[in-house]
Amino acid sequence: MTVVIAHLSDVHIDDDPRSAERTRAVMAYLDALRLDVVVVTGDIADHGLRVEYERARELLATRHPTLICPGNHDERSAFRQYLLERAPSSEPINQIHRGERFVLALCDSSVPGKDHGELSDETLDWLEYVLAGAPGDTPVVVGFHHPPVPLHIPYVDGIRMFGEERLASLAERHPRLVAFLAGHAHTAAATTFAGRPLLVAPGVVSTTRLPWVPGDGLVHLDEPPALAFHVLDEGRLTTHFRTVTTAADPEPAR
């Protein structure tokens with residue numbers, strides 16, 4: 001049997017109804033599907049405010065198991081308290097979902113007060129423990145906000161994950177790690193890292209303009225929200241990208 005992971009990122013909830021509308025449309029789409037887990041790879045709030053996390057908690061509610069990690073726009077203590085409804089803390093927010101046929105480990109790559117990413121010693125130790133403890137030949141998918149390699153988008157590459165060689169070294173010791181998931185770039189992208197697929201989810205709130213595409217501004221605001229579906233079957237991952245209709249865009253999901 002296959003495992004289906006829905007992967008969205010960069011909802012950037014703020015006081016503009018646009019971000020809420022786009023997030024609501026994506027979650028309504030997902031609620032009608034058969035999924036094993038939903039993963040949201042960061043930048044949940046646009047300014048790290050309590051009201052944004054309270055709104056995000058409502059918008060991201062779904063009948064599916066869900067894991068959510070912070071991005072560079074997030075604030076750890078408020079994220080914990082008002083989104084996850086846990087005691088506030090500034091420690092890394094690392095989470096795990098143990099499915100029937102897979103394990104999903106979601107790491108906190110945010111660096112408080114900075115836009116770039118890095119995995120702390122605490123997070124790397126936690127991930128090592130998760131990988132070592134995964135039963136048998138169970139495949140493990142690892143996610144975080146910041147991509148650990150350049151994506152050939154200068155602005156994004158300047159604030160990607162750094163210190164990635166430590167993550168690559170960890171991956172070499174654990175062959176059951178089958179793929180990496182990331183967000184941050186606001187564009188659907190597929191590449192490799194440490195010999196594994198690295199799949200970057202498109203943005204829900206906006207789409208990054210690629211350097212070789214003519215036009216003004218860093219992002220497209222008129223492109224529809226989009227997400228990825230990762231299908232895990234006998235250790236092999238297949239990824240599909242889809243856009244989703246909103247009230248402002250009458251085109252069907254495709």
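Residues numbered from 1 in each chain as written. Predicted model: local features only at pLDDT ≥ 70, side-chain atom pairs only at ≥ 80, totals over all residues. Heavy atoms only, no water.

(A) Here's a closer look at the pattern of salt bridges. Enumeration over the complete set of coordinates arrives at nine salt bridges. Between glutamate 54 and arginine 50 there is a salt bridge, and its shortest N-O distance comes to 2.8 Å. Highlighted residues: glutamate 54 and arginine 50, both in helix α2 (residues 50–59), separated by four residues, approximately one helical turn. Note on arginine 50: relative accessible area 48%, which makes it partly exposed. For arginine 101, the salt bridge identified is with glutamate 100, shortest N-O distance 3.7 Å. One salt-bridge network, in which partners are shared between bridges, spans Asp36, Glu100 and Arg101. (Salt bridge = Lys/Arg side-chain N within 4 Å of Asp/Glu carboxyl O. Helix = DSSP H or I, 4+ residues; strand = E, 2+ residues; numbered from the N terminus. Buried < 20%, exposed > 50% of the residue type's maximum accessible area, 1.4 Å probe, protein only.)

(B) The nonpolar core, seen in detail. Ranked by size, the top nonpolar core spans 30 residues in total, and within it Leu8, Leu30, Ile44, Tyr53, Phe79 and Leu83 carry the most contacts. At the level of elements, β1 (3–8), α1 (17–31), β2 (37–41), α2, α3 (76–83) and β12 (226–233) are the ones that each hand at least two residues to this core. A per-element tally of this core places α1 first, with five residues. Ignoring any residue separated from it by four or fewer positions in sequence, one finds phenylalanine 79 in contact with Ile44, Tyr53, Ile68, Cys69, Pro70, Asp74, Leu84 and Ile93. By size, the runner-up hydrophobic cluster in this structure holds 29 residues, among which are Val156, Met161, Ala168 and Ala185. (Core = buried A, V, L, I, M, F, W, Y, C linked by side-chain atoms within 4.5 Å. Contact = heavy atoms within 4.5 Å.)

(C) Fine view of the sheet that holds strand β8 (residues 189–193). Here six strands make up an open sheet; going across it, the order is β4-β5-β6-β7-β9-β8 and the pairing mixed. If you trace the sheet from one side to the other, it starts and ends with β4 (95–98) and β8, each paired once. In this sheet, adjacent strand axes meet at a mean angle of 20° when their direction is disregarded. In terms of strand pairing, strand β5 (residues 103–106) meets strand β6 (residues 140–143) through four bridges, oriented parallel. The residue bridging leucine 104 from the neighbouring strand is valine 141, located in β6. Contacting β4, β5, β6 and β7 (177–182), helix α4 (residues 121–133) runs over the sheet at an angle of about 180° to β5. (Pairing = 2+ DSSP bridges. Axes fitted to C-alpha atoms, helices over the stretch in contact; angles between N-to-C directions.)

(D) Geometry of the pairing of strand β9 (residues 196–200). Summarising burial for β9: four of the five residues are buried, a large majority. In this structure, the hairpin formed by β8 and β9 is closed by a connection of two residues, where alanine 194 is found at a positive phi of approximately 55°.

(E) Spotlight on the side chain of aspartate 46. Within the secondary structure, aspartate 46 is located in the loop between β2 and α2. Despite its burial, aspartate 46 remains without a salt bridge, the nearest opposite charge being carried by arginine 18 at 9.6 Å. Within polar-contact distance, the side chain of aspartate 46 engages the side chain of histidine 12 at 2.8 Å. For aspartate 46, the residues in contact, after removing those within four places along its chain, are His12, Ile13, Asp14, Glu52 and His73. (Lys, Arg positive; Asp, Glu negative; His and termini not counted. Polar contact = N/O pair within 3.5 Å; in protein donor to acceptor, adjacent residues only side chain to side chain.)

(F) Structural view of the sheet that holds β1. Read across the open sheet, the five strands follow the order β3-β2-β1-β12-β13; overall the sheet is mixed. In the strand order of this sheet, the two ends are held by β3 (66–69) and β13 (236–243), each with one partner. Here the strands of the sheet are splayed against their neighbours by 20° on average, with no regard to which way each runs. With four bridges joining them, β2 and β3 adopt parallel strand pairing. For valine 39, the partnering residue across the bridge sits in β3 and is leucine 67.

These figures come from the coordinates and say nothing about function on their own.
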